[in-house]
Amino acid sequence: MNIIVCVKRVPDPEAPASQYRVDEAGQRFVPARSVPLLTSTYDESALEAALQLKDQHGGTVTLLSLNAEDVTEWLQETLATGADEAVLVQDAGLAAGDSFAAAEVLAAAIRKIGDYDLVLCGRQASDTDAGITGPALAEHLGLPSASVVRKVSFEDGKLRVERAIEDGYEVLEMETPALLTITSELYQLRYATMPNIMAASMKEITTWSAADLGLSDVASRIRQARLFQPEERTECELIEAESPEDAARLLAQALRARGII
Amino acid sequence: MADARGVLVLAEQVDGKLAGISFELLGAGRKLADQMGEPLLAALAGSEAQAQELVAAGADRVYLLDDPALGQFLLETALPAAEQVIRAASPRLVLLGHTSTGKDLAPRLAVRLGVGLATDVTALSYDAASGDVLACKPVFGGMAVSEQAGLGRPQLVTVRPKATEPAEPQPGRSGEVERFAVDLSGVTPRSRVVERVRERAQTKRLEDAEIVVSGGRGLGGPENFKYLEELADVLDAVVGASRVAVDSGWVPSDMQVGLTGKITSPKLYVAVGISGAMQHMAGCSTARTIVAINTDPEAAIFEKAHFGIVGDFKKILPPLTEACRELRQR
């Protein structure tokens, strides 16, 4: 199976809110320089899902990313988990667009890559939390798609897909090529092995510009009026006592006093 | 779309019943429609009786899609059906639920219609100056909020379940129900639903729980959830978990509370061994009272909680459970 995994590099989503600030224009959420840049959480799950399918069925896993900068090092590190190739669309203008713009760029890149059976994306990026790029990409490519997929297998030439729904899950059978957006429960990205790290560090990343894709500009469809941090100041009453038992009792009494229990 | 007018709600029904989200969308839609001085519309693949319920809940007109192919949700048929009804109704705003259906449908609809989309929206407002509906949505795991407007018409929004007040039905309210014929002749699906499985670790839903007792990384392992279960038993509460606990395989995924899990709105949320990362808080920040139990005094949860105890849950929960049991018996 030839699988393309779309990966996005984002500021560490586990970094505390105190390491970020809203810029003066009230438009961007800017991380401190010390915040590391990592693979978006659900993209890691998508990659693990791809690697498991490759373990079972062979084929190649190609990483695809859109970025303003030359992110070769990050892509090589990500390749080292066991993916085969990486394609980077490096263009500041294209990378500055919204989820819809990204979907158009990735669609153009995938058409240029050519042969594939499956495209996997994370269910939502850790920075935008939009969940738009994956399904929008499927629409541009004319592929059947499913979002919030927790498990995927390939049997008798078809995909068997388990997707999360309210109060349970549904099982779909899908023809390839198809696009799925992946959620994390079963897919935790494996560590890179030494041989893979060495191999990956020598891999060339195929790099394309907007011109290589025949794109000059792609339209954004979302206008952001402003970005702000929610005000959530709570006064926390720390219950201190001689023993944990006393503290627990004081807490129970405080909750009773508030009419909660 | 030219002459875009009205707010259109894409209602959902499951197993013959209208989903709660349908009433929440009508509630939010009614407020906006009234502000704009325009009608509130709804579209539904369902029955005449369900359409009448939507009218009672505020829809001025319901487009009833009764094609049997649409009985059960399949993206490949729902997508062209939704596109057709939207083009026919020509609304200026379409509201969908941020449900498994909405997540599948909305982005592809936006591409087909050539418009924008705001997802997982928690608040909506009408800005008369620009003529846009502004939608607030969490970003960066909930650390920030982005106020957005989709470009083009209609504007498309998926609304977070339980974020908006449901419309109250007014029996006897009048509105039109129009049967809408969908043309699916050009559609050859390449996917099919094999089965749907109901799965719930506990009998009560987290989203509906009045009290939630939740555990995270600090519990150390699945066996320690028993401490939470004992407390939950006494408080008649539902047990939840952080994403770490779920991804570590300690508890099933339907117990996950957070931005990509269940959104709870209880009167009491007890967070045990949970650090307080924003993506988790997004699932419980509207709780009226939050209690944090954690060994780390620097944990972010203590900035979000109303009460906190710094200490070992193994020493705190049993006496807490006992004390609550005694108080409840009085």
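Student: So what exactly am I meant to see when it comes to the overall build of chain B here?
Tutor: Tallying secondary structure elements over chain B gives nine helices and 18 strands in all. Taking the principal axes of its C-alpha atoms as reference, chain B extends roughly 65 × 45 × 40 Å. Across the 330 residues in chain B, those meeting the buried criterion constitute 56%. Long-range pairs, those at least 24 residues apart, make up 66% of the contacts in chain B between residues at least 6 apart in sequence.

Student: Can you help me understand the pairing of strand β18 (residues 307–310) of chain B in this one?
Tutor: Each regular strand carries side chains that alternate between the two faces of the sheet. Pairing analysis gives two bridges linking strand β15 (residues 237–238) of chain A to β18 of chain B, with the strands arranged parallel. By the bridge assignment for β18 of chain B, L238 of chain A is matched with G308 of chain B. Note: strand β17 (residues 289–294) of chain B against β18 of chain B, four bridges, orientation parallel. Counterpart to I293 of chain B in the pairing with β18 of chain B is I309 of chain B.

Student: Sorry, what's going on with the pairing of strand β12 (residues 178–182) of chain A here?
Tutor: Residues and elements named next belong to chain A. For β12, a buried count of five out of five residues is recorded, marking the element as mostly surrounded by other parts of the structure. In β12, alternate side chains face the same way, and those of A178, L180 and I182 on one face and L179 and T181 on the other are all buried. Sheet topology places strand β8 (residues 118–122) next to β12; five bridges connect them, and they run parallel. By the bridge assignment for β12, G122 is matched with I182. Here three bridges tie strand β9 (residues 145–155) to β12, and the two strands are oriented parallel to one another. Residue A146 lies in a different strand from β12, and its bridge partner there is L180.

Student: Where do I start with the domain arrangement of chain A in this structure?
Tutor: Here chain A is partitioned into domain 1 (3–213) and domain 2 (231–261). On a C-alpha basis, the centres of domain 1 of chain A and domain 2 of chain A stand 44 Å from each other.

Student: Explain the sheet that holds β8 of chain A to me, please; I cannot follow it from the model alone.
Tutor: Whenever strands of a sheet pair, they do so through backbone hydrogen bonds, lying parallel or antiparallel. Read from one edge to the other, the open sheet built from 10 strands follows the order β13(A)-β7(A)-β6(A)-β1(A)-β8(A)-β12(A)-β9(A)-β10(A)-β11(A)-β13(B), with strand pairing classed as mixed. Bordering the open sheet on either side are β13 (206–208) of chain A together with β13 (191–198) of chain B, each of which pairs with just one other strand. Sheet twist, expressed as the mean angle between neighbouring strand axes with direction ignored, is 30°. The pairing of strand β7 (residues 85–90) of chain A with β13 of chain A spans three bridges and is classified as parallel.

Student: Honestly, the domain arrangement of chain B in this entry has me stumped. Any pointers?
Tutor: For an interface, size is often stated in terms of accessible area lost upon the parts coming together. Each assigned domain of chain B is listed here: domain 1 (7–179) and domain 2 (206–329). Of the residues assigned to the side of domain 1 of chain B that touches domain 2 of chain B, the class counts are three nonpolar, two polar and two charged.

Student: Any chance you could explain the interface of chain B and chain A here in plain terms?
Tutor: Each partner contributes to the interface: chain B provides 76 residues, whereas chain A provides 72 residues. For the side of chain B that touches chain A, the residue count by class is 38 nonpolar, 17 polar and 21 charged. With six bridges joining them, strand β14 (residues 222–228) of chain A and strand β10 (residues 144–150) of chain B adopt antiparallel strand pairing. Of the residues in β10 of chain B, the one forming a bridge with F228 of chain A is V145 of chain B.

Student: So what exactly am I meant to see when it comes to the environment of E147 of chain B here?
Tutor: Relative to the helices and strands, E147 of chain B resides in strand β10. In contact with E147 of chain B, not counting residues within four places along its chain, are Q224, A225 and R226 of chain A together with L134 and C136 of chain B.

About the criteria used
- Each chain has its residues counted from 1, running along the sequence as written.
- Each chain gets a letter, beginning with A, and each ligand a number, beginning with 1, in the order they are written.
- Local features in this predicted model are restricted to residues whose pLDDT is 70 or higher, and side-chain atom pairs enter the listing and the counts only when it is 80 or higher, whereas totals over whole chains, interfaces and linings include all residues.
- By the criteria applied, helices consist of DSSP H or I runs no shorter than four residues and strands consist of E runs no shorter than two, each listed in order from the N terminus.
- Put plainly, a residue is buried at 20 or more neighbouring C-beta atoms within 10 Å of its own, exposed at 12 or fewer, and partly exposed in between, counting only other residues' C-beta atoms, which are placed from the backbone.
- Whether two residues are in contact depends on their C-beta atoms, placed from the backbone: they are in contact if these lie within 7 Å.
- Pairing between two strands is assigned when DSSP locates at least 2 bridges connecting them.
- Note: domain ranges come from an automatic or database domain assignment.
- Axis lines are fitted to C-alpha atoms, over the contacting stretch for helices. Their N-to-C directions set the angle, which ranges from 0 to 180 degrees.
- We call Asp, Glu, Lys and Arg charged. Ala, Val, Leu, Ile, Met, Phe, Trp, Tyr, Cys and Pro are nonpolar, and the rest, Gly among them, are polar.

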